[in-house]
Amino acid sequence: MKTPTKGMLQFDLIMQSLVYIPTVLLYALSILHEFSPFADGFEEVFILGLLMQIPLGVTQVLSGLVRSIRHGSPIRKKYLLLCVVYFAVLFAVASIAAADFILVGVLIIPPMIIASWYYWLTYRQLTGRFEEEGSPHLFPERDSLVLDELDEDERTLLEIQQRQRARSTNF
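Rules behind the numbers
Residues numbered from 1 in each chain as written. Predicted model: local features only at pLDDT ≥ 70, side-chain atom pairs only at ≥ 80, totals over all residues. Heavy atoms only, no water. Helix = DSSP H or I, 4+ residues; strand = E, 2+ residues; numbered from the N terminus. Contact = heavy atoms within 4.5 Å. Areas by Shrake-Rupley, 256 points an atom, 1.4 Å probe, with all protein chains shown as cover. Axes fitted to C-alpha atoms, helices over the stretch in contact; angles between N-to-C directions. Parallel < 35°, antiparallel > 145°, perpendicular 65-115°, else oblique. Left-handed = near helix turned anticlockwise from the far one by under 90°. Nonpolar A, V, L, I, M, F, W, Y, C, P; charged D, E, K, R; others polar. 1 Å grid on protein atoms, 1.4 Å probe; cavity = no way out; pocket = protein on both sides within 12 Å on 5 of 7 lines; lining within 4 Å. Points joined across faces, edges and corners; volume = space filled by probe spheres on them. Buried < 20%, exposed > 50% of the residue type's maximum accessible area, 1.4 Å probe, protein only. Polar contact = N/O pair within 3.5 Å; in protein donor to acceptor, adjacent residues only side chain to side chain. Salt bridge = Lys/Arg side-chain N within 4 Å of Asp/Glu carboxyl O. Phe/Tyr/Trp six-rings, centres within 6.5 Å; stacked < 30°, edge-to-face > 60°. Expected span 1.5 Å × (residues − 1).

K.L.:
Got a minute to help me understand the overall build of the chain in this structure?
P.N.:
The number of helices and strands found in the chain is seven helices and zero strands. Ordered by position from the N terminus, the helices and strands of the chain form the series α-α-α-α-α-α-α. Relative to all contacts within the chain whose residues are 6 or more apart in sequence, the contacts with residues 24 or more apart total 57%. Within the structure as shown, the chain displays about 10,700 Å² of accessible surface, and the carbon and sulfur contribution to it stands at 70%.

K.L.:
Got a minute to help me understand the packing of helix H2 (residues 45–70) against helix H3 (residues 74–94) in this structure?
P.N.:
Axes are the key here: two packed helices are described by the angle between their axes and the distance separating the axes. Packing of H2 against H3 brings their axes to within 8 Å, and their N-to-C directions diverge by 140°. By the angle class used here, H2 and H3 are oblique. Where H2 crosses over H3, the handedness of that crossing is left-handed. Along its contact with H2, which presents Gln60, Val61, Gly64, Leu65, Arg67 and Ser68, the element H3 presents Arg76, Lys77, Tyr79, Leu80 and Cys83. Classifying every residue of the contact of H2 with H3 by side-chain character gives five nonpolar, three polar and three charged.

K.L.:
Sorry, what's going on with the layout of surface pockets here?
P.N.:
In this approach a probe as big as a water molecule rolls over the atoms, and the regions it shows empty are the leftover space. Roughly 390 Å³ of internal volume is contained in the largest pocket. Of all elements in the fold, only H2, H3 and helix H5 (109–126) reach the threshold of two or more residues within the lining of the largest pocket. For the lining of the largest pocket, the leading source of residues is H2, giving eight residues. Class assignment of the residues belonging to the lining of the largest pocket gives a composition of 14 nonpolar, three polar and no charged.

K.L.:
Would you mind going over the environment of Lys6 with me for this structure?
P.N.:
Relative to the elements of secondary structure, Lys6 occurs in helix H1 (residues 6–35). On a C-alpha basis, the gap between Lys6 and Gln125 in space is 9.0 Å, while along the polypeptide they are 119 residues apart.

K.L.:
What should I look at first to understand the side chain of Thr122 in this one?
P.N.:
Relative to the elements of secondary structure, Thr122 occurs in helix H5. For Thr122, a relative accessible area of 0% puts it in the buried group. In this structure the side chain of Thr122 is engaged in a polar contact, spanning 3.1 Å, whose partner is the side chain of Gln16. Not counting the four nearest positions on each side in its chain, Thr122 is found in contact with Leu9, Asp12, Leu13, Gln16 and Arg76.

K.L.:
Teacher, can you tell me more about the pattern of salt bridges here?
P.N.:
It is possible for side chains of opposite charge to pair when their charged atoms get near one another. Evaluation of the coordinates by the stated rule reveals two salt bridges. As a salt-bridge pair, Arg67 and Asp12 come within 3.4 Å of each other at their nearest N and O atoms. Here Asp12 lies in helix H1 and Arg67 lies in helix H2, a separation of 55 residues in the sequence. What makes Asp12 buried here is its relative accessible area of 7%. Between Glu159 and Arg163 there is a salt bridge; the shortest N-O distance is 3.7 Å. Taken together, the residues span about one helical turn, with Glu159 and Arg163 both in helix H7 (residues 152–170) at a distance of four residues.

K.L.:
Looking at this model, I keep getting lost on the packing of aromatic side chains. Mind explaining?
P.N.:
For any pair of aromatic rings, geometry is given as the distance between the ring centres together with the angle between the planes. In this structure the tally under the stated criterion is five aromatic pairs. Aromatic ring contacts, followed pair by pair, group Tyr79, Trp117 and Tyr118 into a single cluster.

K.L.:
Could you clarify how one ought to interpret H5 in this entry?
P.N.:
Turn by turn, an α-helix covers 3.6 residues, leaving residues three or four places apart pointing in a common direction. Taking 1.5 Å of rise per residue, the 18 residues of H5 would be expected to cover 26 Å, and the 26 Å separating its terminal C-alpha atoms lies within 8% of that figure. Here H5 has its buried residues at Pro111, Met112, Ile114, Ala115, Tyr118, Tyr119, Leu121, Thr122, Arg124, Gln125 and Leu126. A positive backbone phi angle near 85° is found at Gly128, which sits one or two residues after H5.

This is how it looks when you write it as structure tokens:
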């Protein structure tokens, strides 16, 4: 398994940011339009936010595919599985639910939660606050950037030392 470099993670976060941040801002402006009488002229921002979700989803799914295939990332594989489940639910609900529920309850809230989680995950991995290997927790607090810079032999030696420490604390 090849670990992602810091430069690759920076590129990934920048690409996601170019789409994620405007999408969140457009939704914030559309909420402002709904609740503020002073926010005239924001009628189109909701539709623009909805349309921005398409490139956001494409960007994040491509990132998840690359990270899971090239780097063998288990958390990214879970993300892709979550996307598949979301689309299955979307198509199931779309055939039976009312239009307003579909729009807000299926097309906006779940994908933005998933997108926010994936964006946060990429940020945490870039900043070294996330390491998915060797921990039973979903979001362990380990320094991944240090591990990324180790070669295969150094990483193997570190894993052996960690297992020995774990065994010695169990006895």
